[in-house]
Amino acid sequence: MPKPKVYVTRIIPEPGLSILKEYCDIEVHQSKEWPPSREELIEKIKDKDGILCLLTDKIDAEVMDAAPNLKVVSTYSVGFDHIDIEAATKRGIYVTHTPGVLTDAVAEFTVGLILAITRRILEADHIIRNGEWNKPWNPYFLTGPELKGKTIGIVGLGRIGRATVAKLKGFEVNFVYYDVYRNEAAEKQLGVKYVDLETLLKESDIVSLHVPLTKDTYHLIGEKELKMMKPTAYLINTARGPVIDTEALIKALKEGWIAGAALDVFEQEPLPTGHELTKLDNVILTPHIASATIEARQRMAELSATNLVSVLKGEMPPALVNKEVLNVRPLDKVKMI
Ligand code: GLV
């Protein structure tokens, strides 16, 4: 049997490419940094059985229709909002992702953002670098709230939300959470209290977002929600940019509806130079790097490659997104290896 043809939209870390090479004929877009253009993607995918893509590659019905042999879309990310899942399922295309392997990286980063925004760490660094540390020590300089005893509201108690709670436990904070699914086992295990979103927004000193981007979570945090938050509260987003209405957030930060925000994700990425958010002092901005530990990025490569190869072997992949596809095109019908 000829080897399956696979397109990889970026040079991903090892052992990803080695795993793929063992079983497939791979064509790799020769860049670590830049995605293929849409035209190139559509051209390259034409004769492929599988694609390993990144969150920057929009895989919609048009792309799928350009690839009549396509059996699997494996994304090197836990989020899959860049893939039209319904269109894939309808076409019998398996979609896989990388849950679990970046959970700790994102949770650790979230803790970092919480500390950085509340304790003004970046602002402090800038003050020294700009030669503005020109007064002796005093009790009022760069103060911020202590975490101990405060309430942290977790929106979305999935893997990353739960890991964030676990890592924050040592700070002796109280936790409330909101999710469309109530998880009583996690409530007992982690000591988190289930509340509705409105209560969470009203009671929390820090609101941290950990929901996937779907049509239901698009602009979940808008003007109305920001107005419910305490003027002393902070908003943290390591999920997806469009979960927050950026225009409303800018207004909230400018007019003091909330104290500040720490954002790793944006409605538009990269964030355009000179964007209004970059002009505000009460916000920390990082360029979508919450999962950027060396370990997580290697595990993502391994899992995304293993997912893809598993499907083409006719085996259940470790992390299938669209389980319904098993009824549309069973695994023995996609087996090529
Ligand atoms: C990163 O944002 C991911 O979805 O893996």
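The structure this text deals with has already been given above.
In this report, the structure presented in the accompanying data block is examined.

Procedures and definitions
- Residues numbered from 1 in each chain as written.
- Predicted model: local features only at pLDDT ≥ 70, side-chain atom pairs only at ≥ 80, totals over all residues.
- Heavy atoms only, no water.
- Patch = residues over 30% accessible without salt bridge, like charges linked within 9 Å, V, L, I, M, F, W, Y side chains within 5 Å.
- Areas by Shrake-Rupley, 256 points an atom, 1.4 Å probe, with all protein chains shown as cover.
- Salt bridge = Lys/Arg side-chain N within 4 Å of Asp/Glu carboxyl O.
- Helix = DSSP H or I, 4+ residues; strand = E, 2+ residues; numbered from the N terminus.
- Buried < 20%, exposed > 50% of the residue type's maximum accessible area, 1.4 Å probe, protein only.
- Near = heavy atom within 4 Å.
- Polar contact = N/O pair within 3.5 Å; in protein donor to acceptor, adjacent residues only side chain to side chain.
- Pairing = 2+ DSSP bridges.
- Axes fitted to C-alpha atoms, helices over the stretch in contact; angles between N-to-C directions.
- Contact = heavy atoms within 4.5 Å.
- Arc of directions from axis to C-beta.
- Disulfide = S-S within 2.5 Å.
- Right-handed = clockwise from strand over helix to strand, strands pointing away.

### Considerations on a nonpolar patch on the surface
Together, Ile128, Trp133 and Phe141 give the surface a local cluster of nonpolar side chains, amounting to about 340 Å² of exposed area. If you trace the backbone, Trp133 turns up in the loop between helix H6 (121-129) and strand S6 (151-155). Given the relative accessible area of 55%, Trp133 is considered exposed.

### Describing the site of the ligand
The environment of the ligand is made up of Leu55, Ser77, Val78, Gly79, Leu102, Arg240, His288 and Met300. The contact in question runs from an oxygen atom of the ligand to an N or O atom on the backbone of Val78, over 2.8 Å. Take Gly79: an N or O atom from its main chain is 2.8 Å from an oxygen atom of the ligand. In isolation the ligand has 190 Å² of accessible area, and contact with the protein removes 90% of it.

### Things to note about the sheet that holds strand S5 (residues 94-96)
As a general point, the strands of a sheet are linked pairwise by backbone hydrogen bonds and lie either parallel or antiparallel. Strand order across the open sheet formed by five strands is S2-S1-S3-S4-S5, with parallel pairing between neighbours. The strands lining the two open edges of the sheet, one partner per strand, are strand S2 (25-28) and S5. Going from strand to strand, the sheet's axes swing by 15 degrees on average, the running direction of each strand aside. Judged from the four bridges that link them, strand S3 (residues 50-53) and strand S4 (residues 72-75) form a sheet pairing that is parallel. Looking at S4, one finds that Ile51 is bridged to Val73. On the sheet, helix H1 (residues 16-23) packs against strand S1 (5-8), S2 and S3 and is oriented at approximately 140 degrees with respect to S2. Those strands touched by helix H2 (residues 38-45) are S1, S2 and S3, and its axis lies near 165 degrees from that of S1.

### Remarks on H1
Turning to H1, its buried residues number three or more, namely Gly16, Leu17, Ile19 and Leu20. Across the axial projection of H1, the buried residues extend over an arc of 160 degrees, all falling on one side. Against the buried residues of H1 lie S1, S2, S3 and helix H12 (294-312).

### Here's the deal with the state of the cysteines
Under the definition given, this model contains zero disulfides. Cysteine Cys24 remains unbridged, with the sulfur of Cys53 as its closest cysteine sulfur at 15 Å.

### Overview of the pattern of salt bridges
According to the stated counting rule, one finds 23 salt bridges in the structure shown. In this structure, the salt-bridge partner of Glu27 is Lys48, at a minimum N-O distance of 2.9 Å. Placement of the pair is Glu27 in strand S2 and Lys48 in the loop between H2 and S3, with a sequence separation of 21 residues. Accessibility expressed as a relative area gives 4% for Lys48, which makes it buried. Here Lys48 and Asp47 are joined by a salt bridge, their closest N and O atoms 2.9 Å apart. With a relative accessible area of 35%, Asp47 lands in the partly exposed category.

### As for the pairing of S1
Note: S1 against S2, four bridges, orientation parallel. In the sheet register, Val8 faces S2, and the bridge partner there is Val28. Read as a crossover between parallel neighbours, the route from S1 over H1 to S2 is right-handed. Two strands pair when backbone bridges link them, and S1 and S3 are joined in this way by three bridges, in the parallel orientation. Among the inter-strand pairings, Tyr7 is bridged to a residue of S3, identified as Ile51.

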